[in-house]
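Close look at the chain arrangement
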Amino acid sequence: MRYTARIKGLLVLLLLVSGTSHASKLELIQLDVGGDSGAAFSGDCRIVSGKKPVKRYRLQGKVPAKYWLPGDAVSCSLQKTKMTQRLDATITRGDVVEIRQVSMPPLRWIAITSTGPWGAAKGTSSAARPLWQ
């Protein structure tokens, strides 16, 4: 009985260790949304992970907000609800800030992408929804 319990415990431990090593290889891209306190926003992010199909995630919230996105690259479009407020978005990979984009009034939209299959990280602010996403 004790022997069986020890084997089960060892198998669970091995499973946890192998799961942890796999999870540590997965890199999360951090998206921070800041600006005027309480500023509301909505938008979406497209996440690229290797050769898998691109995933789209809808975002909605108030400043400050932080999202961890699992993938190799991200492309996000954010819209602030009030044109009189300031909104900024920052993409960080590991401890490195790849891009920070600020949308000052009266600009409503931020488009921001990490380094990825489309090239270097870039961002833009505009009055209308950006064409590149």
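Residues numbered from 1 in each chain as written. Predicted model: local features only at pLDDT ≥ 70, side-chain atom pairs only at ≥ 80, totals over all residues. Heavy atoms only, no water.

1. Overview of the pattern of salt bridges
Any two side chains of opposite charge can pair, so long as their charged atoms come close to each other. Within this structure, the stated rule accounts for 8 salt bridges. For the salt bridge of Arg-100 with Asp-88, the shortest nitrogen-to-oxygen distance reads 3.4 Å. Here Asp-88 lies in strand S6 (residues 87-93) and Arg-100 lies in strand S7 (residues 96-103), a separation of 12 residues in the sequence. A residue is classified by how much of its surface remains accessible, and Asp-88, at 8% relative accessible area, is buried. Between Glu-98 and Arg-93 there is a salt bridge, with the nearest N and O atoms lying 2.6 Å from each other. Assessed through its relative accessible area of 17%, Arg-93 is described here as buried. One salt-bridge network, held together by shared partners, links Asp-44, Arg-46, Arg-56, Arg-58 and Arg-129. (Salt bridge = Lys/Arg side-chain N within 4 Å of Asp/Glu carboxyl O. Helix = DSSP H or I, 4+ residues; strand = E, 2+ residues; numbered from the N terminus. Buried < 20%, exposed > 50% of the residue type's maximum accessible area, 1.4 Å probe, protein only.)

2. What to know about the nonpolar core
Buried together is how nonpolar side chains tend to be arranged in soluble globular proteins. Counting residues in hydrophobic clusters, the biggest one holds 21 residues, and the most contacted among them are Leu-31, Val-33, Phe-41, Tyr-67 and Leu-69. Elements supplying a minimum of two residues to this core: strand S1 (28-35), strand S2 (40-48), strand S4 (65-70), strand S5 (73-80), S6 and strand S8 (109-113). For Phe-41, the residues in contact, after removing those within four places along its chain, are Val-33, Gln-60, Gly-61, Lys-62, Val-63, Ala-65, Tyr-67, Leu-78, Gln-79, Lys-80, Thr-81 and Leu-87. (Core = buried A, V, L, I, M, F, W, Y, C linked by side-chain atoms within 4.5 Å. Contact = heavy atoms within 4.5 Å.)

3. Structural notes on the side chain of Ser-114
The residue Ser-114 is located in the loop between S8 and strand S9 (122-126) in this model. Polar side-chain contacts of Ser-114 include one of 3.4 Å to the side chain of Arg-93. Every residue in contact with Ser-114, bar those within four places of it in the chain, is listed here: Ile-29, Ala-73, Val-74, Ile-91, Arg-93, Glu-98, Gly-119, Ala-120 and Ala-121. (Polar contact = N/O pair within 3.5 Å; in protein donor to acceptor, adjacent residues only side chain to side chain.)

4. Focus: the pairing of strand S3 (residues 55-62)
In terms of strand pairing, S2 meets S3 through 8 bridges, oriented antiparallel. Bridging from a neighbouring strand, Phe-41 pairs with Gly-61 of S3. The antiparallel hairpin formed by S2 and S3 contains 6 residues in its connecting segment, where Gly-50 sits at a positive phi of about 55°. (Pairing = 2+ DSSP bridges.)

5. Digging into the sheet that holds S4
Reading across from one edge, S4-S1-S6-S7 is the order of the 4 strands in this open sheet, with antiparallel pairing throughout. Each edge of the sheet is formed by a strand with only one pairing partner; in this case those strands are S4 and S7. Across the sheet, the axes of successive neighbouring strands diverge by a mean angle of 15°, strand direction being ignored. Here S6 runs beside S7; their pairing, made up of 7 bridges, is antiparallel. Bridging across to S7, Thr-92 finds its partner in Val-97. (Axes fitted to C-alpha atoms, helices over the stretch in contact; angles between N-to-C directions.)

Read these as layout, nothing more, since geometry by itself doesn't imply function.
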